[in-house]
Amino acid sequence: VNLAECYLNVNLLDESIEIYNTLLKSDSNYIFAIEGLGKANLLLNKPELALSFFDKVYQLKPNHIDSYFNTATSYFLLNNFSKALDCYLNFINTIELKNIPNNKLINIYINISICYRNINSYNESIVFLKKADLLINNYHYILFNFGLTYVEMLKFEVAEDYFKKAYNLDNINPLYA
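Residues numbered from 1 in each chain as written. Predicted model: local features only at pLDDT ≥ 70, side-chain atom pairs only at ≥ 80, totals over all residues. Heavy atoms only, no water.

J.: So what exactly am I meant to see when it comes to the overall build of the protein here?
T.: Helix and strand counts for the protein come out as 10 helices and zero strands. Ordered by position in the sequence, the α and β elements of the protein form the string α-α-α-α-α-α-α-α-α-α. Here the C-alpha coordinates of the protein stretch approximately 60 × 35 × 30 Å along the principal axes. When burial is assessed residue by residue, the protein has 45% of its 177 residues classed as buried. Contacts in the protein between residues far apart in sequence, at least 24 positions, make up 44% of those at least 6 positions apart. For the protein, the computed accessible surface area is about 9900 Å², with 51% contributed by carbon and sulfur atoms. (Helix = DSSP H or I, 4+ residues; strand = E, 2+ residues; numbered from the N terminus. Buried < 20%, exposed > 50% of the residue type's maximum accessible area, 1.4 Å probe, protein only. Contact = heavy atoms within 4.5 Å. Areas by Shrake-Rupley, 256 points an atom, 1.4 Å probe, with all protein chains shown as cover.)

The structure is reproduced here in structure tokens:
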């Protein structure tokens, strides 16, 4: 499993998948191998297939905390923001937040914010962007998402201020202009 995870982390997905499949031949319910196949399929941009693996992990071990995060990520990539939101919220309500590395927590908060924005819950979206901003102030992607959310709220001047801040932080990247 450790070797498969290493391959996964350096994007040698075929090698990783081969090891996970070999492990499953010995034990078809080996959670870490099933989960690994799900992660590999996420990296291959196959969220539907990844979700099938994460669902199996959840069936085998409902209290496996990473299942919430992995399932949320799958639903997020499938643009099923309501289900992604439920899974992300279950994840952050189940795990001690101090045990999540800041960069991962920032991304979770941003994804939660995007989910809320996509289901038209703009105030909740702002709440999670503020949480992310507390962890890393003036991160252009957070500022950009503040701007998008305020556009949806029809607060164009506020949105423009956030877009300007994002652009000024990364003025060579036209995505944020």
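J.: Please explain the packing of helix α7 (residues 102–118) against helix α9 (residues 140–152) as it appears in this structure.
T.: The packing of two helices is summarised by the inter-axis angle and the distance between the axes. Put simply, α7 and α9 touch, their axes get as near as 11 Å, and they point 15° apart. Judged by the angle between their axes, α7 and α9 are roughly parallel. Along this stretch, α7 crosses α9, giving a crossing that reads as left-handed. Counted together, Ile-106, Ile-110, Ile-114 and Arg-117 of α7 and Tyr-141, Ile-142, Asn-145, Leu-148, Thr-149 and Glu-152 of α9 form the full contact between these two elements. (Axes fitted to C-alpha atoms, helices over the stretch in contact; angles between N-to-C directions. Parallel < 35°, antiparallel > 145°, perpendicular 65-115°, else oblique. Left-handed = near helix turned anticlockwise from the far one by under 90°.)

J.: Please clarify how the side chain of Arg-117 should be interpreted in this entry.
T.: Residue position: Arg-117 is located in helix α7. No salt bridge is formed by the buried Arg-117; the nearest opposite charge belongs to Glu-152, separated by 5.7 Å. What Arg-117 contacts, discounting residues up to four positions off in sequence, is Tyr-122, Ser-125, Asn-145, Leu-148, Thr-149 and Glu-152. (Lys, Arg positive; Asp, Glu negative; His and termini not counted. Salt bridge = Lys/Arg side-chain N within 4 Å of Asp/Glu carboxyl O.)

J.: Mind showing me how you'd approach unusual backbone geometry here?
T.: What is expected of a backbone is that most residues other than glycine have negative phi and most peptide bonds are trans. Despite not being glycine, Asn-45 shows a phi value in the positive range, around 60°. Along the chain, Asn-45 falls in the loop between α3 (31–43) and α4 (47–60). The class of Asn-45 is exposed, set by a relative accessible area of 59%. Within the chain, Asn-138 stands out as a residue other than glycine whose phi angle is a positive 65°. Note that Asn-138 resides in the loop between α8 (122–135) and α9.

J.: Looking at this structure, I do not really get the packing of aromatic side chains. What am I missing?
T.: Counted by the stated rule, this structure contains 13 aromatic pairs. Relative to Tyr-150, the ring of Phe-146 lies with its centre 6.4 Å away and its plane at 15°, an arrangement referred to as stacked. Pair noted here: Phe-146 and Tyr-150 are both in helix α9, with a separation of four residues, about one helical turn. Tyr-150 carries the same exposure label as Phe-146, and that label is buried. Here a set of aromatic residues connected by ring pairs shows up, and it is made of Phe-69, Phe-76, Phe-81, Tyr-88 and Phe-91. A cation over a ring is seen here: Lys-104 above Phe-69, with NZ or CZ 4.3 Å from the ring centre. In this arrangement the basic side chain of Lys-165 is found over the ring face of Tyr-162, its NZ or CZ atom lying 5.0 Å from the centre. (Phe/Tyr/Trp six-rings, centres within 6.5 Å; stacked < 30°, edge-to-face > 60°. Lys NZ or Arg CZ within 6 Å of the ring centre and 35° of its normal.)

J.: Just checking my understanding: could you explain the packing of α8 against α9 for this structure?
T.: It is at 10 Å that the axes of α8 and α9 come closest, and there the two elements cross at 165°. As judged from the angle between their axes, α8 and α9 are roughly antiparallel. In the packing of α8 onto α9, the handedness of the crossing is left-handed. Contacts between α8 and α9 pair Tyr-122, Ser-125, Ile-126, Leu-129, Lys-130, Ala-132 and Asp-133 from the former with Ile-142, Asn-145, Phe-146, Thr-149, Tyr-150 and Glu-152 from the latter.

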